[in-house]
Structures are given as structure tokens and as C-alpha cells.
Amino acid sequence: MDVEQLTKLATSTADDEPLVGLSAVAQLRAEMERIEAVLVRRARNNGATWPQIAAVLGVSKQAVHKKHGGRRLFGDRS
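What counts, and at which threshold
Residues numbered from 1 in each chain as written. Predicted model: local features only at pLDDT ≥ 70, side-chain atom pairs only at ≥ 80, totals over all residues. Heavy atoms only, no water. Axes fitted to C-alpha atoms, helices over the stretch in contact; angles between N-to-C directions. Helix = DSSP H or I, 4+ residues; strand = E, 2+ residues; numbered from the N terminus. Parallel < 35°, antiparallel > 145°, perpendicular 65-115°, else oblique. Contact = heavy atoms within 4.5 Å. Nonpolar A, V, L, I, M, F, W, Y, C, P; charged D, E, K, R; others polar. Core = buried A, V, L, I, M, F, W, Y, C linked by side-chain atoms within 4.5 Å. Buried < 20%, exposed > 50% of the residue type's maximum accessible area, 1.4 Å probe, protein only. Arc of directions from axis to C-beta. Salt bridge = Lys/Arg side-chain N within 4 Å of Asp/Glu carboxyl O.

Caption draft 1: Quick look at the packing of helix α3 (residues 50–57) against helix α4 (residues 61–68). The N-to-C vectors of α3 and α4 enclose an angle of 100°; their axes lie 8 Å apart at closest approach. Taken together, the axes of α3 and α4 are roughly perpendicular relative to one another. Counting all contacts with α3, which are made through W50, P51, I53, A54 and L57, the residues of α4 involved are K61, V64, H65 and H68. The residue makeup of the contact of α3 with α4, split by class, is six nonpolar, two polar and one charged.

Next up, the structure:
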């Protein structure tokens, strides 16, 4: 999703119709989760540690590792 699409979604959160805003929030949340996963993977590939990533995200090392650490090919969480 490009910046223009994200901007349109963010603007839609202020729509007079709450269901339109909620739909935009759901789409933004999904896109932010995807972007976070990509950036965590890039950070790890560049040598960042789990504690460093956790500090930037404002969560515990355990939380970020649980969310992103077990990812393997084909979504296997082992």
C-alpha cells in the first residue's frame, strides 16, 4: 500500500459515518502489522537484537520475540 492510499484511509477515520471510519481503522491496522513485520525482519537481518527492537516498539523483548521471532517458511511458528 502506498502513502497516498494510507493517507486516504487515515482521512476516512474522521468520516461522519462511524462504520466507514471503523473500516478504515481495520485496514490501517492490518497494513501497520504488515509493515511492522517487514521492518522487524529487516532490522534482524541488519543485526539488530530483540532487546533493541523491543525498545523501539515500546514492548518487552519477550513480546516482540513471541510476535515475530518464530516466523519460518510457510508461516510455521515452530
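Back to the write-up after that little detour.
Caption draft 2: Structural detail: the nonpolar core. V40, A48, W50, I53, A54 and V64 together form the largest nonpolar core, which totals six residues. It is α3 that contributes the most residues to this core, three residues altogether. Not counting chain neighbours up to four residues away, the residues in contact with I53 comprise V40, A43, R44, A48 and V64.

Caption draft 3: Molecular detail of α3. For α3, the set of buried residues is W50, I53 and A54. Seen end-on, α3 carries its buried residues on one side only, within an arc spanning 100°. Residues of α3 that are exposed and angled more than 90 degrees away from the buried face: A55 and V56. Positive phi shows up at G58, right after α3, with a value of about 75°.

Caption draft 4: Inspection of the side chain of H68 at higher detail. Looking at where H68 falls in the secondary structure, it is placed in helix α4. For H68, a relative accessible area of 9% puts it in the buried group.

Caption draft 5: Quick peek at the pattern of salt bridges. Scanning all chains against the criterion turns up four salt bridges. Between K8 and E4 there is a salt bridge; the shortest N-O distance is 3.6 Å. With K8 and E4 both in helix α1 (residues 3–12) and four residues apart, the pair spans about one turn of that helix. Relative accessible area serves as the criterion here: at 53%, K8 is assigned to the exposed category. When the shortest N-O distance is used, the salt bridge between R34 and E31 registers 2.8 Å. Taken as a pair, R34 and E31 lie in helix α2 (residues 18–45) at a separation of three residues, close to a single helical turn. What emerges from the salt-bridge pattern is a single network uniting E33, E36 and K67.

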